[in-house]
Amino acid sequence: MDSADKENTLWHPVALAHEVAQAPLAVRLLDQAVVLWRDTAQQVHAWADQCPHRGAQLSLGRVCGDRLECPYHGWQFGSIGQCVHVPALPQFVPPATHTARTFSACERYGLVWVALQADADEMHIPAFAAETDVQLRTVNCGPYDVATSAPRIVENFLDMAHFGFVHDGWLGMREATAIDDYTVEATPNGLRATQCKAWQPQSNVHSTAPAQVEYTYEVLAPYTAVLTKVPDAASVAVQGFRESIGLFICPVTPESSRVWFRLAMADFDSPDKKLQDFQHTIFMQDKPVLESQRPRRLPLDVRAEVHTAADRASSAYRRFLKQQNIIFGVC
Ligand code: FES
Ligand code: CO
């Protein structure tokens, strides 16, 4: 298996589930044009967005019941990709060769996930543990189109040393920028960083006073990470508040990405928009810095950039990508 094959076997988020409605939807994943469409049983399909006849973009066509119709000569393809109707030759029975290229698709966390191979196992979709916690309410935030690689975005998510600068007055402050020791360990699908502490003026949507906050970060897949705020006894007692945030990234091209956050919070009262607005404010602080980083692809050679002990989560992430033979979005 070469590196490109490796990435094609992974599941990636590509769209919000509700965006795939009556019309086919064009998305891009790992530089591959993909068409998403939904059949009458509400099953989502992901195919190469290129008709096998003369290469027209299938996403410009239309959904006819359980078939996708090409915009050019009206060929119709059934849900397994097989051409079932050629309008120019109504009696013609298309052979097996007349088939659209199909990928794997399914819905999870309010998003459509795609693997660029047929019959990928849904078991391998990254598991967002907070999803099944009945005390947490979930809401999605995004999409955000970001002009950088997916690994740069994951690395920023794992990075606490920028809080006092990029998020001054929110997740950090210039007066308290030191990073305490924290622990990083490898996991079967990525890594886990624990005891990550930060002094935060406004750590979440409900904060009324600065607080010392402890995080756990987990990388669940090359382009998926989760942070969980470890509740301190005082804030649980006062607010009953805890949260977990999933970072789900579609690697669109090696240097551009589409990002969603899934917020899981012990808050069933606030309107979605209030929770989304806080996350939006924070990410808008990150985005210009992220887009300024050069190279846009994450350098995996340890000599390409310089490191400190505060960067040990980032260094572990780079080692993980290297071990996994990830080539998309790295250099
Ligand atoms: Fe699609 Fe001809 S190009 S039907
Ligand atoms: Co940030």
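Residues numbered from 1 in each chain as written. Chains lettered and ligands numbered in written order. Predicted model: local features only at pLDDT ≥ 70, side-chain atom pairs only at ≥ 80, totals over all residues. Heavy atoms only, no water.

With an unreviewed UniProt entry as reference, the protein is termed (2Fe-2S)-binding protein, source organism Rhodoferax saidenbachensis.

Asker: Describe the pattern of salt bridges, listing the residues and the values that go with them.
Answerer: Going through the model one piece at a time under the given rule, you end up with 19 salt bridges. The partner of Glu 291 in a salt bridge is Lys 287, with the nearest N and O atoms 3.5 Å apart. Here Glu 291 and its partner Lys 287 are both found in helix H5 (residues 272-292), 4 residues apart, which amounts to about one turn of the helix. Take Glu 291: its relative accessible area is 21%, and that puts it in the partly exposed class. (Salt bridge = Lys/Arg side-chain N within 4 Å of Asp/Glu carboxyl O. Helix = DSSP H or I, 4+ residues; strand = E, 2+ residues; numbered from the N terminus. Buried < 20%, exposed > 50% of the residue type's maximum accessible area, 1.4 Å probe, protein only.)

Asker: Before we move on, could you go through the packing of aromatic side chains and cite the residues and values that matter?
Answerer: Scanning the model with the defined rule gives 15 aromatic pairs in all. Geometrically, the ring pair formed by Tyr 109 and Trp 113 is edge-to-face, given 6.0 Å between the ring centres and 80 degrees between the ring planes. Here the two residues Tyr 109 and Trp 113 agree in accessibility, since each one is buried. Both rings, one in Tyr 109 and one in Phe 128, keep their centres 6.0 Å apart while their planes meet at 85 degrees; by these two values the pair is edge-to-face. (Phe/Tyr/Trp six-rings, centres within 6.5 Å; stacked < 30°, edge-to-face > 60°.)

Asker: I'd like a rundown of H5, residues and numbers included.
Answerer: With 21 residues, H5 ought to run about 30 Å at 1.5 Å a step, and its terminal C-alpha atoms sit 30 Å apart, in line with that. Maximum bend of H5: about 25 degrees, positioned at Asp 286, with proline Pro 288 one to four residues after it. Among the residues of H5, Leu 275, Phe 278, Gln 279, Ile 282, Phe 283, Asp 286, Lys 287 and Leu 290 are the ones counted as buried. (Expected span 1.5 Å × (residues − 1). Bend = angle between axes of the 7 residues up to and from the residue.)

Asker: Give me the sheet that holds strand S9 (residues 104-108): which residues, what numbers.
Answerer: Strand order in the open sheet formed by 3 strands is S1-S10-S9, with antiparallel pairing between adjacent strands. Looking at the sheet topology across the chains shown, the edges are occupied by strand S1 (12-16) and S9. Geometrically, the sheet is characterised by an average inter-axis angle of 30 degrees between neighbouring strands, direction not taken into account. (Pairing = 2+ DSSP bridges. Axes fitted to C-alpha atoms, helices over the stretch in contact; angles between N-to-C directions.)

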